[in-house]
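Here are the chains, one letter per residue:
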Amino acid sequence: MSSLNGPRVRTVRRLGLNVYGLAKATKGMKKGAARSDKKLSNYGLQLLEKQRLRAYYGVPEVQLKKAFLKAKKSKDQTGHALIKLLETRLDAFVLRAGFAQSIRQARQMVVHGHILVDGKRVDKPAYQLQVGQKISLKEKSRSNEMFKENFQTVVGNSYPYIEKDVDKFEAVLSRLPEREEIPIEIEDVYVVEYYSH
């Protein structure tokens, strides 16, 4: 699973978890088709959770391992620290704030220069946000109907660590998220075990 650009429905069915939030992905899921339906060894469980985490955030293996090594140095539990690091990447924040509908779209918006951090263009999806930083949609991009609709209609799906200003097309990382506030179903202990071999 080095590339995450394959058919997303197939990935969801294989992982046994709707990591992309696709409505149609779970419709055709057959019992026994997902890896999680099979009897897995401990290593198999670790690998599955690691792949699920990668799929949630769409991160390359190298970046995930780098994030893990950084999380290990944290005072927080390693698994929790890892997920917090992934959650405060620029692409993940763009998704959570409602600028994009999927992690792929969020990454594309960042790479194509539609997103500003504290008024400056940042085109690296892996850019690590700090508390208090303001993320906004570039002035020219605000006339794009899809971006506009995304941001203005995702108001209800708010997160306690994000402050949004719908009129200004801005969002601020007001504090670091708590693990229980991050909407992903992952047994992070298995991911930690996987990388600790």
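Residues numbered from 1 in each chain as written. Predicted model: local features only at pLDDT ≥ 70, side-chain atom pairs only at ≥ 80, totals over all residues. Heavy atoms only, no water.

Colleague: Would you mind going over the nonpolar core with me for this structure?
Modeller: Generally speaking, a soluble globular protein has its nonpolar side chains buried in company with each other. Among the nonpolar cores identified, the biggest contains 45 residues, and Leu53, Tyr57, Val94 and Phe99 are the most heavily contacted of them. Here the element with the most residues in this core is helix α4 (residues 78-87); it accounts for five residues. Filtering out sequence-adjacent residues up to four positions away, tyrosine 57 remains in contact with Ile83, Leu86, Glu87, Asp91, Ala92, Arg96, Ile103, Arg107, Ile182 and Ile184. (Core = buried A, V, L, I, M, F, W, Y, C linked by side-chain atoms within 4.5 Å. Buried < 20%, exposed > 50% of the residue type's maximum accessible area, 1.4 Å probe, protein only. Helix = DSSP H or I, 4+ residues; strand = E, 2+ residues; numbered from the N terminus. Contact = heavy atoms within 4.5 Å.)

Colleague: So what exactly am I meant to see when it comes to the packing of aromatic side chains here?
Modeller: To describe a pair of aromatic rings, you give the distance between the ring centres and the angle between the ring planes. Inspection of the entire model under this criterion finds six aromatic pairs. Seen from their ring centres, phenylalanine 99 and phenylalanine 151 are 4.4 Å apart, and the 10° between their planes marks the pair as stacked. Of this pair, phenylalanine 99 sits in the loop between α5 (90-96) and α6 (103-111) while phenylalanine 151 sits in helix α7 (residues 145-153), and the two are 52 residues apart along the sequence. An aromatic cluster is present here, built from Tyr43, Phe68, Tyr194 and Tyr195 joined pairwise through their rings. Across the ring face of phenylalanine 151, the terminal group of lysine 164 is positioned such that the distance to the ring centre comes to 4.3 Å. (Phe/Tyr/Trp six-rings, centres within 6.5 Å; stacked < 30°, edge-to-face > 60°. Lys NZ or Arg CZ within 6 Å of the ring centre and 35° of its normal.)

Colleague: Explain unusual backbone geometry to me, please; I cannot follow it from the model alone.
Modeller: The phi torsion of most residues other than glycine is negative, and most of the peptide bonds are trans. Of note, the phi angle at aspartate 118 is positive, near 50°, even though the residue is not glycine. Take aspartate 118: it is sitting in the loop between β1 (115-117) and β2 (120-121). Aspartate 118 gets classed as partly exposed once you look at its relative accessible area, which sits at 44%.

Colleague: Help me understand the pairing of strand β4 (residues 162-165), please; the structure alone is not making it clear to me.
Modeller: A regular strand places its side chains so that they alternate between the two faces of the sheet. Alignment of β4 against strand β5 (residues 170-173), held across four bridges, turns out to be antiparallel. Looking at the pairing, isoleucine 162 lines up with leucine 173 of β5. Here β4 hands over to β5 after four residues, with phenylalanine 169 in that stretch at a positive phi of 55°. (Pairing = 2+ DSSP bridges.)

Colleague: Would you mind showing me how to read the sheet that holds strand β3 (residues 134-137) here?
Modeller: With antiparallel pairing, five strands are arranged side by side in an open sheet as β2-β1-β3-β5-β4. Unpaired on one side and paired on the other, β2 and β4 mark the two borders of the sheet. As paired elements, β1 and β3 share three bridges and run antiparallel to each other. If you follow leucine 116 over to β3, its bridge partner there is serine 136.

Colleague: How do you make sense of the side chain of arginine 89 when you look at a structure like this?
Modeller: Relative to the assigned elements, arginine 89 resides in the loop between α4 and α5. Among the residues examined, arginine 89 registers a relative accessible area of 6% and is labelled buried. Those residues within four positions of arginine 89 in sequence are excluded, and the remaining contacts are Val59, Gln63, Arg107, Pro125, Ala126, Tyr127, Gln128 and Leu129.

Colleague: Looking at this model, I keep getting lost on the packing of helix α3 (residues 61-72) against α4. Mind explaining?
Modeller: Packed helices, taken two at a time, are described by the angle their axes make and the gap between the axes. At a minimum axis separation of 8 Å, α3 and α4 run at an interaxial angle of 130°. On the basis of their axis angle, the class for α3 and α4 is oblique. Crossing angle aside, the handedness with which α3 passes α4 is right-handed. Contacts from Leu64, Ala67, Phe68, Lys70, Ala71 and Lys72 in α3 reach Thr78, Ala81, Leu82, Leu85 and Leu86 in α4. In terms of residue class, the contact of α3 with α4 is made up of eight nonpolar, one polar and two charged. (Axes fitted to C-alpha atoms, helices over the stretch in contact; angles between N-to-C directions. Parallel < 35°, antiparallel > 145°, perpendicular 65-115°, else oblique. Left-handed = near helix turned anticlockwise from the far one by under 90°. Nonpolar A, V, L, I, M, F, W, Y, C, P; charged D, E, K, R; others polar.)

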